[in-house]
Amino acid sequence: IDIMTYSILLVLLGAIVQPKGGPGQKLTLKSSAFTEGKTIPVKYTCDGKNISPEVQWSNVPDGTKSFALILDDPDAPSKTWVHWVLFNIPASQHELKEDLPAKKELDSGATFGINDFGDVAYGGPCPPNGPAHQYVLKLYALDTKLDLKPGATKPQVLQAMKGHIIEQAELKEKYKRQ
């Protein structure tokens, strides 16, 4: 094959293997409630309504079968404190509405894991008095649906995800009690 045909094939092949977002685009996570480097609004914490924030994502990679979402506090005194575990979010879903109901499974099939408050639900930031804590919200695009029951722990979810993470995105936010 001549050089021109070879070049065209390389360009076409490059377009085929790129993620859905296009060349150079990665899975993107955003929330008007959890904005990178900002303070988490009180209504999403134990000092407010303690409701889950709305979250959206885009540039979903090819092959995604489900998503998992984890929110934790690596600055907690004794261990990384888990606030939110949600898995088996359908690949067709690209957002979570604010104030999700506290039930084991959502109508979409998304399933809650257990947080460190002992709840199968969202548990907002609630650090002890003192310096601000950083909170990390991670979204994982997975090539499978996880074979786990409601109430799975973060370690169980992370173990089940091993070898199935296509891509991940994260946001880091802070909160300090007044």
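Structure's up top.
Computed from a predicted structure; not experimentally measured. (Residues numbered from 1 in each chain as written. Predicted model: local features only at pLDDT ≥ 70, side-chain atom pairs only at ≥ 80, totals over all residues. Heavy atoms only, no water.)

Now, about the environment of Asn59: what can you tell me, with residues and values included?
For Asn59, the location among the structural elements is in the loop between β2 (55-58) and β3 (66-73). Given the relative accessible area of 23%, Asn59 is considered partly exposed. In the structure, Asn59 is positioned 31 residues away from Thr28 in sequence and 6.1 Å away in space, judged by C-alpha atoms. Polar side-chain contacts of Asn59 include one of 3.2 Å to the backbone oxygen of Lys26. Looking at Asn59, its side chain comes within polar contact range of the side chain of Thr28, at 3.2 Å. (Helix = DSSP H or I, 4+ residues; strand = E, 2+ residues; numbered from the N terminus. Buried < 20%, exposed > 50% of the residue type's maximum accessible area, 1.4 Å probe, protein only. Polar contact = N/O pair within 3.5 Å; in protein donor to acceptor, adjacent residues only side chain to side chain.)

Pulling in residues and values, what's your account of the pattern of salt bridges?
Here the structure, examined in full by the defined rule, presents seven salt bridges. With a closest N to O distance of 3.0 Å, Lys79 and Asp116 form a salt bridge. With a gap of 37 residues between them, Lys79 in the loop between β3 and β4 (81-90) and Asp116 in the loop between β6 (111-112) and β7 (133-142) connect regions that are remote in the sequence. By relative accessible area, Lys79 is classed as partly exposed at 39%. Judged by relative accessible area, which is 25%, Asp116 ranks as partly exposed. With a shortest N-O distance of 3.2 Å, Lys103 and Asp107 are connected by a salt bridge. Residue classification places Lys103 among the partly exposed residues on the basis of a relative accessible area of 33%. (Salt bridge = Lys/Arg side-chain N within 4 Å of Asp/Glu carboxyl O.)

Now, about the sheet that holds strand β8 (residues 165-175): what can you tell me, with residues and values included?
On the basis of which strands lie adjacent, the open sheet formed by five strands has the order β6-β4-β3-β7-β8 and antiparallel pairing. What marks the edges here is a single partner per strand, and that holds for β6 and β8. As paired elements, β7 and β8 share ten bridges and run antiparallel to each other. Bridge pairing in β8 links Ala141 to Glu167. (Pairing = 2+ DSSP bridges.)

Can you explain the state of the cysteines? Please cite residues and give values.
Under the criterion given, the structure shown has one disulfide. Note that Cys46 is cross-linked by a disulfide to Cys126, the S-S spacing being 2.1 Å. An S-S torsion of about 85° defines the bridge between Cys46 and Cys126 as right-handed. In this pair, Cys46 sits in the loop between β1 (28-30) and β2 while Cys126 sits in the loop between β6 and β7, placing the two residues 80 residues apart along the sequence. (Disulfide = S-S within 2.5 Å.)

If you had to explain unusual backbone geometry to someone new, which residues and values would you point to?
The backbone phi angle of Asn59 is positive, close to 55°, even though this residue is not glycine. Its identity as a non-glycine residue notwithstanding, Asp99 has a phi of 60°, on the positive side. Its relative accessible area of 45% is what places Asp99 among the partly exposed residues.

All quantities given are derived from atomic positions and should not be read as evidence of function.
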